[in-house]
Amino acid sequence: MNLTSLVPADPALAVFFQGLLLSLGLIVAIGAQNAFVLRQGLRREHVGAVVLFCALADALLITAGVLGMAQALGENRQLARALALAGALFLAWYGWRALQRARRPSQLHAAAGGEGLSARAALAQAAAFTLLNPHVYLDTVLLVGSVGAQQPAALRPVFIAGAGLASLLWFTLLGFGARRLAPLFARPQAWQWLDALIGLTMLGLALALLRHVQIGP
């Protein structure tokens, strides 16, 4: 099957969904930040504030990455193609890792017990889980930023909107749907299917980036 046939014909839609799928593939993982959002959702404690903070933080980091990378690349097409190639290789490696995880069951637990948190404490913990994680800068600023910077200038806001919407949708689903989703996320089979889908999506995006490198000027 030709993966490019799945891309919408409208360039703006194609860029929007590229940002959406790339961001979803990177954010949907078993980790401390997701476990914390799930915990707050289970406790029904400052859920809106935590979800909004995490989504806005991602959106700001993605925007900074895309605009900063675009400015750094400028007219240096060789650097742009080198970053596109590096991004494609990283996405291929990430996709392969996701497919490997799909073979080894895992699960996401979030204890609903413990002491309650004030709004300030909840936001402080959300900030720590988001901003003190070095992977967030690799994912949002470097990887998503370099992919977004490859887009035409007029379509970069569309890419940012798609990537930012992915974060908002995921954290909203995780926080406000916690009581329904917690049993699902505790099932290893659910993460196997999710990792398989993420792996295939990332490999498809890697192929799209490689195609960009080949047809670039």
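Higher on the page you've got the structure.
Residues numbered from 1 in each chain as written. Predicted model: local features only at pLDDT ≥ 70, side-chain atom pairs only at ≥ 80, totals over all residues. Heavy atoms only, no water.

Caption draft 1: Highlighting helix H1 (residues 11-27). In this model H1 runs 24 Å from its N-terminal to its C-terminal C-alpha over 17 residues, within 8% of the 24 Å that 1.5 Å per residue would give. Along H1, the residues that are buried comprise Ala 14, Val 15, Gln 18, Gly 19, Leu 20, Leu 22, Ser 23, Gly 25, Leu 26 and Ile 27. The opening residue of H1 is Asp 10, an N-cap whose side-chain oxygen sits 3.0 Å from the backbone nitrogen of Ala 12. (Helix = DSSP H or I, 4+ residues; strand = E, 2+ residues; numbered from the N terminus. Expected span 1.5 Å × (residues − 1). Buried < 20%, exposed > 50% of the residue type's maximum accessible area, 1.4 Å probe, protein only. Polar contact = N/O pair within 3.5 Å; in protein donor to acceptor, adjacent residues only side chain to side chain.)

Caption draft 2: The packing of helix H2 (residues 32-43) against helix H8 (residues 178-185), seen in detail. At a minimum axis distance of 9 Å, the contact between H2 and H8 shows a crossing angle of 130°. Classed by the angle they form, the pair H2 and H8 counts as oblique. Two secondary-structure elements touch here, H2 through Leu 38, Gly 41, Leu 42 and Arg 43 and H8 through Ala 178, Arg 179, Ala 182 and Phe 185. (Axes fitted to C-alpha atoms, helices over the stretch in contact; angles between N-to-C directions. Parallel < 35°, antiparallel > 145°, perpendicular 65-115°, else oblique. Contact = heavy atoms within 4.5 Å.)

Caption draft 3: Molecular detail of the packing of aromatic side chains. One pass over the full model with this rule turns up two aromatic pairs. Between Phe 16 and Phe 17, the aromatic rings sit 5.6 Å apart at their centres with planes inclined by 85°, giving edge-to-face as the arrangement. An angle of 45° between the planes, with centres 5.3 Å apart, marks the rings of Phe 36 and Phe 129 as tilted. One end of the pair, Phe 36, is in helix H2; the other, Phe 129, is in helix H5 (residues 119-131), with 93 residues separating them in the sequence. Classification of Phe 129 by relative accessible area gives partly exposed; the value is 30%. (Phe/Tyr/Trp six-rings, centres within 6.5 Å; stacked < 30°, edge-to-face > 60°.)

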